[in-house]
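Survey of secondary and tertiary structure
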Amino acid sequence: MPRQPRRRSYDQHCAAARALDLVGDRWTLLVVRELLAGPRRYTDLHADLPGVSTDMLAGRLKDMEGAELVTRRRLPPPASAYVYELTPRGRDLLPVLRALAAWGAPDLGEPRPTDAVRAHWYAIPLLGALAELGAGLYQVTLDEGEFHVRLEGDGSVSYGDGRTDAPDARLRTDAAVCRALAGGELTLTEALASGRAVLERSVRTGAEDAAPALVRD
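What you are looking at is a predicted structure, and each value in this text was computed from that prediction instead of being measured.

Topic: the overall build of the chain
For the chain, the count of helices and strands is 9 helices and 8 strands. The C-alpha atoms of the chain give a radius of gyration of 19 Å, which matches the 17 Å a tight globule of 217 residues would have. For the chain, the C-alpha atoms occupy an extent of roughly 55 × 45 × 35 Å along the three principal directions. Here the chain holds 217 residues, and 39% of them are scored as buried. Carbon and sulfur atoms provide 52% of the accessible area of the chain, an area that totals close to 12500 Å². Charge-centre separation for the chain: the mean point of 28 positive side chains lies 6 Å from the mean point of 31 negative side chains.

Next comes the structure, spelled out in structure tokens:
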């Protein structure tokens, strides 16, 4: 029998209320945002959720395990560390976060002096804009860091923090362009045409051991 979340229910026979019973607590959806990028150790989660206390994060993860949104497993040697990862039910929250990001993008503005910034936080708001590139694996580089996005032909998407091996293309831009793309003020085609973003596509040479060449659009 799964452990039930500690949050008290709204006690309303309403689908939205039931959803908020499970993910409406502070930090929960941001934990989901981090885990959508792949399995994470507790210490890595804590590092990329600035402002959350260790007790709060531990409590949220336990609640999410009880709600069957998250599982915890041990990595094989030599790592032998525990990681948290989303269940299929947890991964189903990606469209929810995409909708929230689209709704919140017009209010994003310039980072405030107190705002933490991580490059991969731009991944979800940019998924729609990156769809202009078609299916493929794309590495995105900002001054703040790097992340990668995989777009499938069936419309499904995934993303991860940091670099990836053998991307189909590398996109270089900045946070201001990311905000404009997320808010619908700019399309990726316009950003590339104006030079505010640069795309280098990988060209496979056919030589098995050769690194792919890069061709700038």
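Notes on unusual backbone geometry
Omega for the peptide link from Pro 77 to Pro 78 comes to 10°, which places this bond in the cis form. Phi is positive for Trp 27, which is not a glycine, with a value near 85°. The backbone of Glu 68 shows a phi angle near 60°, a positive value even though the residue is not glycine. With respect to the element layout, Glu 68 can be found in the loop between α4 (54-66) and β1 (70-74).

What about the pattern of salt bridges?
Per the stated rule, a full pass over the model turns up 11 salt bridges. Here Glu 34 makes a salt bridge to Arg 40, at a shortest N to O gap of 3.1 Å. By relative accessible area, Glu 34 is classed as buried at 0%. Arg 40 sits in the buried class, given a relative accessible area of 10%. In this structure, Arg 60 and Asp 63 form a salt bridge, with 3.9 Å as the shortest nitrogen-oxygen distance. Highlighted residues: Arg 60 and Asp 63, both in helix α4, separated by 3 residues, approximately one helical turn. Each of the salt bridges in this network shares a partner with another, and the network as a whole consists of Arg 33, Glu 34, Arg 40, Asp 48 and Arg 118.

Considerations on the packing of helix α6 (residues 94-104) against helix α7 (residues 123-130)
When two helices pack together, you describe them by how their axes are tilted relative to each other and by the distance separating the axes. For the pair α6 and α7, interaxial distance at closest approach is 8 Å and the crossing angle is 90°. On the basis of the axis angle, α6 is roughly perpendicular to α7. In this structure, α6 contributes Leu 94, Leu 97, Arg 98 and Ala 101 to the contact, and α7 contributes Ile 124, Pro 125, Leu 127 and Gly 128.

Overview of the packing of aromatic side chains
For the structure on display, the rule yields 0 aromatic pairs. A cation over a ring is seen here: Arg 72 above Tyr 82, with NZ or CZ 3.8 Å from the ring centre.

Let's talk about the nonpolar core
Counting residues in each nonpolar core, the largest one holds 51 residues, and the members touching the most others are Leu 36, Leu 130, Phe 147 and Tyr 159. The element that contributes the greatest number of residues to this core is α7, accounting for 6 residues.

Observations regarding α7
Of all the 8 residues making up α7, 6 are buried; the element is thus mostly covered by neighbouring parts of the structure. Buried within α7 are the following residues: Ala 123, Ile 124, Leu 126, Leu 127, Ala 129 and Leu 130.

As for the pairing of strand β3 (residues 136-142)
Counting buried residues in β3 gives 7 out of 7 residues, a clear majority hidden from the surface. Both faces of β3 are covered, namely the face carrying Gly 136, Tyr 138, Val 140 and Leu 142 and the face carrying Leu 137, Gln 139 and Thr 141. As judged from the 7 bridges shared by β3 and strand β4 (residues 145-151), these two strands associate in the antiparallel manner. Across the sheet, Val 140 pairs through a bridge with Phe 147, a residue of β4. Hairpin remark: β3 followed by β4, antiparallel, with 2 residues in the connecting loop. The pairing of β3 with strand β6 (residues 169-172) spans 4 bridges and is parallel.

What about helix α2 (residues 28-35)?
Most of α2 is tucked away, with 7 of its 8 residues classed as buried. Listing the buried residues of α2 in full gives Thr 28, Leu 29, Val 31, Val 32, Arg 33, Glu 34 and Leu 35.

Brief notes about the environment of Val 140
Along the polypeptide, Val 140 turns up in strand β3. In the structure, Val 140 is positioned 24 residues away from Thr 164 in sequence and 9.9 Å away in space, judged by C-alpha atoms. Excluding its chain neighbours within four sequence positions, the residues that come into contact with Val 140 are Leu 130, Gly 145, Glu 146, Phe 147 and Leu 171.

Rules of the game
Residues numbered from 1 in each chain as written. Predicted model: local features only at pLDDT ≥ 70, side-chain atom pairs only at ≥ 80, totals over all residues. Heavy atoms only, no water. Helix = DSSP H or I, 4+ residues; strand = E, 2+ residues; numbered from the N terminus. Rg over C-alpha atoms; globule rule 2.2 N^0.38 Å. Buried < 20%, exposed > 50% of the residue type's maximum accessible area, 1.4 Å probe, protein only. Areas by Shrake-Rupley, 256 points an atom, 1.4 Å probe, with all protein chains shown as cover. Lys, Arg positive; Asp, Glu negative; His and termini not counted. Charge placed at Lys NZ, Arg CZ, Asp CG, Glu CD. Salt bridge = Lys/Arg side-chain N within 4 Å of Asp/Glu carboxyl O. Axes fitted to C-alpha atoms, helices over the stretch in contact; angles between N-to-C directions. Parallel < 35°, antiparallel > 145°, perpendicular 65-115°, else oblique. Contact = heavy atoms within 4.5 Å. Phe/Tyr/Trp six-rings, centres within 6.5 Å; stacked < 30°, edge-to-face > 60°. Lys NZ or Arg CZ within 6 Å of the ring centre and 35° of its normal. Core = buried A, V, L, I, M, F, W, Y, C linked by side-chain atoms within 4.5 Å. Pairing = 2+ DSSP bridges.

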